[in-house]
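Analysis of the macromolecular model
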Amino acid sequence: MQAIYAYRQAEGSDYLLALDQIGEEFAPDLNSMEVQDRKLLEGKKQIATLLFKEWHETGRFDAEEADQEIVGAVNRAIVFYQNLIRKDNKFYGNQMISAVERIYDHYLATLQILEVLVSLVEEEEEKKEKRFTAATGPDVQRFTKNTLVQRLLNSKSYQQHIIRRNISWGSDISAIRAAYKNILKQDEAFLAYLALPQPTPEDDFEVVKHIFKNIIFKEKNLQSLFEEQDLNWVENKAIVKSLVNKTIKVFAEAPADEEPALLDLSANWEEDKAFFEELYDQTLQDDEKYEALIAGSVKNWDVERVAALDKIILKMALCEMHIFRSIPVKVTINEYIEISKLYSTPKSKQFINGVLDKMAQELTTKGDIRKSGRGLIDNK
């Protein structure tokens, strides 16, 4: 949805750039030694602009009464515009996939915070030894011996993923250092863990879970850093949090003679990726068809007054109903209602629900929407 919205915004900018190109073609040449007929140039510019707008609205323009200079300018503007939107279509489609894949990088980077914390503890202890400072207070080195932390950081799966995807906190380690010094080292649950004579595997698991839940995913400065790294952090945080929680549970519960692996972004990323790409491409490709369907369904409401995001949500839902035959209509409707709650206006939920429910019934009755697959109630 965000990729389609961004593309539509870019499409509007491309349209204005094409008009600017027409304007430049009929702008007076200030370096010319000949006298420029500004009124004539302005007239040609206006005619070319009208013809381009006619093409943009209908797919063609009437060039019979226009001179070749004007027709040439319009054709060049059309080619220019088409090249721009083609590039933008590809760009935002690629951006969409990259944004999803970056969620996995955030998952790995969040796990890597444990490695950073271990290095900070070791660095602190090394400085104490060089200063011959006697050990006082809780034994923070106990955290470096945490069985869950060691098992995760020493696993081949973790190490390979970190290397392959080039995950590193780099200069941003200062934010983690501050969280360690000012929050973790003063945290009651962490201090209680350090005070245990012999922590059990369950103790090790609980303190790691606590660090992620109550510090890493809550500390304001860290959250600000995550938001800087990911513009969609508000939405992606829940996904990353779920992946991290499941991962530490898997590593805590796995038998000692087994080496667990990190989780994948999805059960079948290649299949999900193909779904995203097809939904994006087909929604844009069949835009006019879905625009007409929406206009026919909201007869008492000017389709131009429908919120831009609501129209995109409706078009995506219609596209999903049409081309993905194994997804039940009710599932599609519920998914896009949830999307409208997150991204659109307060009243969008009822609007999206009403329009999609009505359109789904009509299109299913006509046979335009056909569902097939095991367990589908609405098979046709």
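Everything below is about the structure printed above this text.
Overview of the structure. Every chain's residues receive numbers from 1 upward, in the order its sequence appears when written. Selection of residues for local features in this predicted model requires a pLDDT of at least 70, selection of side-chain atom pairs for listing and counting requires 80 or more, and totals for whole chains, interfaces and linings are taken over all residues. Calculated side-chain values reflect all of the structure's heavy atoms, with hydrogen atoms and water omitted.

Here's the deal with the overall build of the protein chain
Counting from the N terminus, the helices are DSSP H or I runs at least four residues long and the strands are E runs at least two residues long. Within the protein chain, the regular secondary structure consists of 16 helices and 0 strands. Atoms counted for the radius of gyration: C-alpha only. Globule rule: 2.2 Å times the number of residues to the power 0.38. In terms of overall size, the protein chain is more extended than a compact globule, its C-alpha atoms giving a radius of gyration of 29 Å where 380 residues would be expected to give roughly 21 Å. Along the first, second and third principal axes, the C-alpha atoms of the protein chain reach 95 × 70 × 35 Å. In the protein chain, which comprises 380 residues, the proportion classed as buried is 41%. Working rule for contacts: check all heavy atoms of both residues, and any pair within 4.5 Å makes them a contact. Sequence-distant contacts, at least 24 apart, represent 72% of the contacts inside the protein chain between residues at least 6 apart. Three labels apply to residues, based on accessible area from a 1.4 Å probe with only protein chains included: buried if under 20% of the type maximum, exposed if over 50%, partly exposed otherwise in between.

Focus on the pattern of salt bridges
Only one rule defines a salt bridge in this text: a Lys or Arg side-chain nitrogen within 4 Å of an Asp or Glu carboxyl oxygen. This model, assessed by the stated rule, comprises 13 salt bridges. For Glu25, the salt bridge goes to Arg76, with nearest N and O atoms at 2.7 Å. Placement of the pair is Glu25 in helix α1 (residues 2–25) and Arg76 in helix α3 (residues 68–130), with a sequence separation of 51 residues. Overall, the relative accessible area of 43% leaves Arg76 in the partly exposed class.

Observations concerning the side chain of Thr144
Its location among the elements puts Thr144 in helix α4 (residues 141–144). Look at Thr144 and you get buried, because its relative accessible area is 12%. A 3.5 Å cut-off defines polar contacts: any pair of N or O atoms within that distance qualifies, except that in protein one atom must be a possible hydrogen donor and the other a possible acceptor, and neighbouring residues in sequence count only when both atoms are side-chain atoms. A polar contact of 2.5 Å, which involves the side chain of Thr144, links it to the backbone oxygen of Gln141. Contact partners of Thr144, with chain neighbours within four places excluded, come to Val118, Val121, Glu122 and Gln150.

Side note on the environment of Arg370
Inspection of the secondary structure assignment puts Arg370 in the segment after α16 (348–366). Separated by 47 residues in sequence, Arg370 and Ile323 place their C-alpha atoms 8.8 Å apart. Of the polar contacts made by the side chain of Arg370, one reaches the backbone oxygen of Gly367; its length is 3.2 Å.

Points about the packing of α1 against helix α12 (residues 269–285)
In the contact formed by α1 and α12, the axes pass within 10 Å of each other and the chain directions differ by 40°. Comparing the axis directions of α1 and α12 gives the class oblique. Note on packing geometry: the crossing formed by α1 with α12 is right-handed. Residues Ala3, Ile4, Tyr7 and Arg8 of α1 form the contact with α12, whose participating residues are Tyr280, Thr283 and Leu284. Gly counts as polar in this scheme, as do all residues outside two lists: the nonpolar Ala, Val, Leu, Ile, Met, Phe, Trp, Tyr, Cys and Pro, and the charged Asp, Glu, Lys and Arg. Residue composition of the contact of α1 with α12, grouped by class: 5 nonpolar, 1 polar and 1 charged. Every axis corresponds to a line fitted to the C-alpha atoms, with the helix fit spanning only the stretch in contact, and the corresponding angles, defined between N-to-C directions, vary from 0 to 180 degrees. In this scheme, roughly parallel covers angles under 35 degrees and roughly antiparallel covers those over 145, while 65 to 115 is roughly perpendicular and the rest are oblique. Should the near helix be turned anticlockwise from the far one by less than a right angle, the crossing is termed left-handed; should it be turned clockwise, right-handed.

Quick look at unusual backbone geometry
The backbone of Asn166 sits at a positive phi, close to 55°, despite the residue not being glycine. Of note, Asn166 is situated in the loop between α6 (156–164) and α7 (173–182). Its relative accessible area of 67% is what places Asn166 among the exposed residues.

Some remarks on α7
Residues lying three or four places apart along an α-helix face the same way, a consequence of the helix completing one turn every 3.6 residues. Where α7 is concerned, the buried positions are Ala175, Ile176, Ala179 and Tyr180. Viewed along the axis of α7, the buried residues span an arc of 135°, placing them on a single side of the element. Relevant arc is that of directions from the helix axis to the C-beta atoms, nothing else.

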